[in-house]
Amino acid sequence: MKLLAAGFLMAATTLSMVTPASAGPVTVWKPCPDNAAAQCANLRVPVNWARPDGRTITLELTRLPALAPEKRIGTLFDIPGGPGEPGAEALKRPAAIYTALRQRFDVVSYNPRTAVALSALPASCTRTWSSLTDPRSRDAYAGQARSLSRGVAVCRRDDRTGLLTNLDSISVARDMEAVRQALGETQLTFTVRSHGGVPMTAYARLFPQRIRAAYLDGVPDHIDAWDNNGREWLTGTEKAFDRFVSWCAATTACKLHGRDVRVAWRRLIHRADVSPIPVMEGAFAKRKLTGWHFKISAPVFLLPGAAGDFSWRAFAAAVDKALRGDASGFGTPSLGNLRHWTRPVILALQCPDGLWGRTGYFDLRRSRGLSERLSPDFGALSYPTLACTGWTAPLANPPQSLPAGKLPAFLGAGTHPGDYEPTRDLLAHIPGSATVRYDGPGHVIYLGGMPGAHCVIEHAVRYLTSLVLPSGAVCRAKK
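Residues numbered from 1 in each chain as written. Predicted model: local features only at pLDDT ≥ 70, side-chain atom pairs only at ≥ 80, totals over all residues. Heavy atoms only, no water.

1. Description of the sheet that holds strand S6 (residues 188–193)
Where we set the bar: Any two strands with at least two DSSP bridges between them are considered paired. In this text, helices come from DSSP runs of H or I with a minimum length of four residues, and strands from runs of E with a minimum of two, each type numbered from the N-terminal end. Axis definition: a line fit to C-alpha positions, over the contact stretch in the case of helices; interaxial angles, taken between N-to-C directions, run 0 to 180 degrees.
Spatially, S1-S2-S3-S5-S4-S6-S7-S10-S11-S12 is the arrangement adopted by the ten strands of the open sheet, whose pairing is mixed. Two strands lie at the open edges of the sheet, namely strand S1 (30–32) and strand S12 (474–476), each paired on one side alone. Direction aside, neighbouring strands of the sheet carry axes that sit 25° apart on average. Where S6 and strand S7 (residues 211–217) come together, six bridges link them in parallel fashion.

2. Notes on the packing of helix H11 (residues 291–302) against helix H13 (residues 331–340)
Counted only if it meets this: Between 65 and 115 degrees an angle is taken as roughly perpendicular, under 35 as roughly parallel, over 145 as roughly antiparallel, and anywhere else as oblique. Residues count as neighbours in contact if any of their non-hydrogen atoms are within 4.5 Å of one another. Under the convention adopted here, Pro, Cys and the residues Ala, Val, Leu, Ile, Met, Phe, Trp and Tyr are nonpolar, Asp, Glu, Lys and Arg are charged, and Gly plus all remaining residues are polar.
At a closest axis distance of 8 Å, the pairing of H11 and H13 adopts a crossing angle of 95°. Relative to H13, the element H11 is oriented roughly perpendicular. Where H11 abuts H13, its residues Trp292, His293, Ile296, Ser297, Val300 and Phe301 lie against Pro333, Ser334, Leu335, Asn337 and Leu338. Looking at the contact of H11 with H13, its residues break down into seven nonpolar, four polar and no charged.

3. Some details on the state of the cysteines
For the record, the criterion: Only a pair of cysteine sulfur atoms within 2.5 Å counts as a disulfide in this structure description. Accessible area is worked out with a 1.4 Å probe on protein chains only. A residue is then buried under 20% of its type maximum, exposed over 50%, and partly exposed in between.
Per the stated rule, a full pass over the model turns up five disulfides. Across the disulfide, Cys32 is cross-linked to Cys40 (sulfur-sulfur distance 2.0 Å). Taking the sign of the S-S torsion, about 105° here, the bridge from Cys32 to Cys40 comes out right-handed. For the pair formed by Cys32 and Cys40, the shared burial category is buried. Here Cys125 engages in a disulfide with Cys155; their sulfurs sit 1.9 Å apart. The S-S bond linking Cys125 to Cys155 shows a torsion near 95°; that makes this disulfide right-handed. You can see Cys125 sitting in helix H5 (residues 123–126) and its partner Cys155 sitting in helix H6 (residues 138–158), a full 30 residues away along the chain.

4. Side note on the environment of Val107
On the secondary structure map, Val107 appears in strand S5 (residues 105–110). When the C-alpha atoms of Val107 and Ala66 are compared, they prove to be 7.2 Å apart, with 41 residues separating the residues in sequence. Beyond its immediate sequence surroundings of up to four residues, Val107 is in contact with Thr62, Arg63, Leu64, Leu76, Leu91, Tyr98 and Arg102.

5. Side note on helix H10 (residues 261–274)
Basically, it comes down to this: Under the convention used throughout, the expected extent of a helix is 1.5 Å for every residue step, that is, one less than its residue count. Comment: arc refers to directions from the helix axis out to C-beta atoms. Under this definition, polar contacts are N or O atom pairs within 3.5 Å; protein pairs additionally need one hydrogen-donor-capable and one acceptor-capable atom, and for neighbouring residues in sequence, both atoms have to be side-chain atoms.
Between its first and last C-alpha atoms H10 spans 20 Å; for 14 residues at 1.5 Å apiece the expected length is 20 Å, and the two agree. Every buried residue of H10 is listed here: Val261, Ala264, Trp265, Leu268, Ile269 and Ala272. Buried residues of H10 fall within an arc of 135° about the axis and therefore sit on the same side. Set apart from the buried face of H10 by more than 90 degrees, the exposed residues are His270, Asp273 and Val274. Sitting at the amino-terminal end of H10 is Asp260, which places a side-chain oxygen 3.3 Å from the backbone nitrogen of Arg262.

6. Thoughts on the packing of aromatic side chains
Rules: Between the rings of Phe, Tyr and Trp (Trp by its six-membered ring), a pair exists once the centres lie within 6.5 Å; its type follows the angle of the planes, with under 30 degrees stacked, over 60 edge-to-face, and the other angles tilted.
Under the defined criterion, the tally for this structure stands at 20 aromatic pairs. Ring geometry for Tyr203 versus Phe207: centroids 5.1 Å apart, planes at 50°, classification tilted. For Tyr203, a relative accessible area of 0% puts it in the buried group. Here the aromatic rings of Phe294 and Phe330 are separated by 4.8 Å at their centres, their planes lie at 80°, and the arrangement is edge-to-face. With a gap of 36 residues between them, Phe294 in helix H11 and Phe330 in the loop between helix H12 (310–323) and H13 connect regions that are remote in the sequence.

7. Thoughts on the pattern of salt bridges
Here is the rule we go by: Here a salt bridge means any side-chain nitrogen of Lys or Arg lying within 4 Å of a carboxyl oxygen belonging to Asp or Glu.
Counted by the stated rule, this structure contains 21 salt bridges. With a shortest N-O distance of 3.2 Å, Lys92 and Glu89 are connected by a salt bridge. Of the residues examined, Lys92 reaches a relative accessible area of 11% and is grouped as buried. Using a relative accessible area of 24% as the deciding quantity, one classes Glu89 as partly exposed. Where Arg324 meets Asp320, a salt bridge forms, and the shortest distance between an N and an O atom there is 2.9 Å.

8. Examining the pairing of strand S10 (residues 411–415)
Within S10, five of the five residues are buried, which leaves the element mostly enclosed by the surrounding structure. Of the two faces of S10, the one carrying Leu411, Ala413 and Thr415 and the one carrying Gly412 and Gly414 are both buried. Where S7 and S10 come together, three bridges link them in parallel fashion. In the sheet register, Tyr215 faces S10, and the bridge partner there is Leu411. Pairing between S10 and strand S11 (residues 434–439): five bridges, direction parallel. Note that in S11 the partner of Thr415 across the bridge is Tyr438.

Here it is, written out as structure tokens:
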């Protein structure tokens, strides 16, 4: 932790000499080419905020003007997730979900630098370089880290934009401040979803006085980081599995109906560890999966699903097939993700913030032991925890506390199990804040179109417009 803190202080000292006033002004708002009801503009910002006179990139902005200008409070800035989600593009297809907020706000979103990078970086940055493994020895760990870092080195050599080493959330937060200045607003009101919570937390550290209110939807905790995010991810998976087991016992639509599902799952893990199970078809045919492969991919099925949903049905069918000797149902969810996470751009988008830990071999062993104790059935190191061993640059934005007494109360919401707990843990650091627990599956309630989301939306709109927070609110998905 001492090294992390030192790295943060060094980065903060360097960046404090730069102000977002160096950003270019927003151009005149014009009707968007693909939606005349929305307005579009561009904003130039430095690639490296420590060198404001250097190379720049252009951020695309979209605005939905307030429907009742005489009642306008200000601008609501929607921060997309991802990282790399193009918020400006999403806002060009406005849903009725924004109508209530547009009574009092201009709604603005943008394509952040993380979205720009996905299209601007060279091919060597987006190719897969290997496949992640679960290293069980120091030599295996070092070999995988070297392979990953070689890919990053080639990408950095080929990168002519300078973006690869400037995708941390402090840089994104400074872009957000540049947007505020260009809009001419003293303060902004925020809606934030998913991974957008990391740059929002960075913005709260750097510019707390510029936040009028913020609604956070299914965000990670970037203060206690892995200790909270990893724990909640694993315990959330266990809770989702409990629900899956109950659903499977109650319906014949489950391929495992009539069996002891937990015993069947454990039998599959043990069998695969003793003798890996082959993938018979698909892109990963002829590969073999161990128990670790099954554990690391199970949350992909379990967390977003609900009783009878496609993902739960698919999980049951994949387990049933694997027990009969064919692991094809887990081929892409496991091996596909393990390859995806070796792309240098993915490391650049995730690792500089230290969200999932910055691990040496000793820390990796500690994290693995903790995950296995927390979740005997699903305890496995996360994809980013393994991948970030190949990111050797100093952490630009390691987890840190928030400025005491300088922030307004926030509102958070999240699905349970899964999103709610990390969001709650983050907001516990902001006095007076409140959370709404959505008792249902999925990810990102406000824009996720989930049944029962209107309950959460009502709380969010009331808070964002009137700054009235709920107390102990629970919203339930419709059956």
